[in-house]
Amino acid sequence: MPAYPERLQALLDVFAGVTDTHERTQLLIDFARRFKDVPPEVATRPFGAEHLVKHCESEAYAWAVPNADGTLKLHFAVENPSGVSAKALAAILDKALSGLPAAEIAKVDPEIVEKLFRQNISMGKGMGLMSMVLAVQALAKRHL
Amino acid sequence: MTAIADRGYRHPDRLVSTDWVAAHTSNPNVRIIESNEDTLLYATGHVPGAVHVDWTSDLNDQLRRDYIEREGFQALMSKIGVTPDTTVVFYGDKNNWWACYAFWVFQLFGHTKAHVMDGGRLKWQKEGRAWSTDMSAYAATTYVAPARDDARHRILRDEVIQVQQRGGQFVDVRSPEEYAGTRMHMPEYPNEGAIRGGHIPGAKSVPWARAINPEDGTFKPADELRALYVEQNGLRGDEDIVAYCRIGERSSHTWFALTYLLGFEKVRNYDGSWTEWGNLVGVPIEK
């Protein structure tokens, strides 16, 4: 079992307790509704290709901006208006990982996607979402 | 976009317009079915009265790599309140890619009173039509289905090998990069489900989305589809055609276009697709 950062583990525990498909869907949608687009002081459109999450069909972008205390703040943009899952994952990653040191964020693996989405996932979409986690991991590694 | 009836399709009745759907959302003899890639989408808002059919959990057997059998289909039809006389209309995200997939599975059970809403979610949304977040529920029905019949619309591995060996027609509807074998995996994620990259020898590359108008997700008119599949890629409509992609979803969209819009009668969807062919021991591939 990988040791996840505390806030992420708490969220994973919440999801683990939700076995009903409808409830899990609603929980994920609630996160998607809380998704906040990258603020203009961090990035404006058109976004740089280096921030594009590869193989995510929802055209997601990710940024990791250092805070004054050396931790990172994650930001995302999801250009596909129907990319509900991508927005949900972005909101979850922000809530669970922003404010942590790069070394902590770099350790988070794509396995969490399955734990969060379970049956709400297709193979292609799953890999797109996993690459969002990989993108965050890669961004964090740049700040090590 | 011109009216569906004026686009020169062989079976124009297989497509219905958003206007038609809007006029039939309360018709008890019509069931609107949403099928998406993003399974969260339906719950965020759907065509009023529409039910959700998810290809992973509803249409696939959960243990075998195969579709549900008769009992599973009957149970699903009962759950969504459909009888053999109900007209079903599919729509969804990604230009109806998953809607066509669900439509295709329904054809394996002979539910021919089936249509696709031209343009799918995208067009409905762009036209500013009503969305509902109510979870639609209908009284359970009794549906007696025939056994699943794969022969007409589906092709399985052994026969695909025979078609390949006799130089039959294949249409590869994946991206040009997947066709060329240059896209196999994403960085740090080594396996997209196939050991080898490339395509079935002799396959024509016609990415599925070339059949649609990207601005509203509607299908292109028949003359444009004919130019694409017949004139530019040499497909012969009177001979066997096997459509494939990665797992058979994108190719069901092409299967729909070739079968119903152009009227080709021998088109089958190879749902084993590249995740099977790209892993099969001993079969040839081309890059």
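Cut-offs and rules
- Residues numbered from 1 in each chain as written.
- Chains lettered and ligands numbered in written order.
- Predicted model: local features only at pLDDT ≥ 70, side-chain atom pairs only at ≥ 80, totals over all residues.
- Heavy atoms only, no water.
- Axes fitted to C-alpha atoms, helices over the stretch in contact; angles between N-to-C directions.
- Helix = DSSP H or I, 4+ residues; strand = E, 2+ residues; numbered from the N terminus.
- Contact = heavy atoms within 4.5 Å.
- Nonpolar A, V, L, I, M, F, W, Y, C, P; charged D, E, K, R; others polar.
- Domains from an automatic or database assignment.
- Buried area = accessible area lost by both parts, 1.4 Å probe.
- Salt bridge = Lys/Arg side-chain N within 4 Å of Asp/Glu carboxyl O.
- Core = buried A, V, L, I, M, F, W, Y, C linked by side-chain atoms within 4.5 Å.
- Buried < 20%, exposed > 50% of the residue type's maximum accessible area, 1.4 Å probe, protein only.
- Pairing = 2+ DSSP bridges.

Focus on the packing of helix α1 (residues 6–16) of chain A against helix α2 (residues 21–33) of chain A
All names here are of chain A.
Moving on, step 1. At a closest axis distance of 10 Å, the pairing of α1 and α2 adopts a crossing angle of 145°. For the pair α1 and α2, the contacting residues are Leu11, Val14 and Phe15 in the first and Arg24, Leu27, Leu28 and Phe31 in the second.
Moving on, step 2. When the residues that make up the contact of α1 with α2 are grouped by side-chain class, the tally is 6 nonpolar, no polar and 1 charged.

Comments concerning the domain arrangement of chain B
Residue and element names in this part refer to chain B.
Moving on, step 1. Per the domain assignment, the segments making up chain B are domain 1 (4–126) and domain 2 (157–277).
Moving on, step 2. The C-alpha centroid of domain 2 is placed 22 Å from the C-alpha centroid of domain 1.
Moving on, step 3. Tallying the contact residues gives 26 residues for domain 1 and 33 residues for domain 2.
Moving on, step 4. Summed over both sides, the interface of domain 1 with domain 2 buries roughly 2400 Å², with 64% coming from carbon and sulfur.
Moving on, step 5. The largest per-residue losses of area from domain 1 upon contact with domain 2 belong to Arg65, Trp97 and Trp104, which jointly make up 25% of the total buried on that side.
Moving on, step 6. Remark: the boundary between domain 1 and domain 2 carries 0 salt bridges.

Quick look at the nonpolar core
Moving on, step 1. Counting residues in each nonpolar core, the largest one holds 58 residues, and the members touching the most others are Leu59, Phe90, Phe219, Tyr229 and Phe256 of chain B.
Moving on, step 2. Residue assignment for this core shows that the elements contributing at least two residues are α3 (55–59), α4 (70–79), β4 (87–91), α5 (93–108), β5 (114–117), α9 (222–231), β8 (241–244) and α10 (250–261) of chain B.
Moving on, step 3. Here the element with the most residues in this core is α5 of chain B; it accounts for 11 residues.
Moving on, step 4. The residues that make up this core include at least three from each of domain 1 (4–126) and domain 2 (157–277) of chain B.
Moving on, step 5. Other than its neighbours up to four places away in sequence, Phe90 of chain B contacts Ile33, Asn96, Ala99, Ala102, Phe103, Phe106, Ala114, His115, Val116 and Met117 of chain B.
Moving on, step 6. Membership of the second largest hydrophobic core comes to 51 residues, among which are Val18, Leu27, Ala88 and Ala102 of chain A.

Let's talk about the pairing of strand β2 (residues 30–34) of chain B
Residue and element names in this part refer to chain B.
Moving on, step 1. In terms of burial, β2 is a largely internal element, 5 of the 5 residues being buried.
Moving on, step 2. Neither face of β2 is left uncovered, since the one carrying Val30, Ile32 and Glu34 and the one carrying Arg31 and Ile33 both have all their residues buried.
Moving on, step 3. Direction of pairing for β2 relative to β4: parallel, over a ladder of 5 bridges. Bridge pairing in β4 links Val30 to Thr87.

Observations regarding the pairing of strand β2 (residues 71–78) of chain A
Residue and element names in this part refer to chain A.
Moving on, step 1. Burial within β2 is extensive, with 7 of its 8 residues counted as buried.
Moving on, step 2. Taken together, the 7 bridges between strand β1 (residues 60–66) and β2 define a ladder with antiparallel strand orientation. By the bridge assignment for β2, Trp63 is matched with His75.
Moving on, step 3. Here β1 folds back onto β2 in antiparallel fashion, the turn holding 4 residues, of which Gly70 has a positive phi close to 90°.
Moving on, step 4. Bridge count for β2 against strand β3 (residues 100–101) is 2 bridges, and the pairing is antiparallel. In the sheet register, Thr71 faces β3, and the bridge partner there is Pro101.

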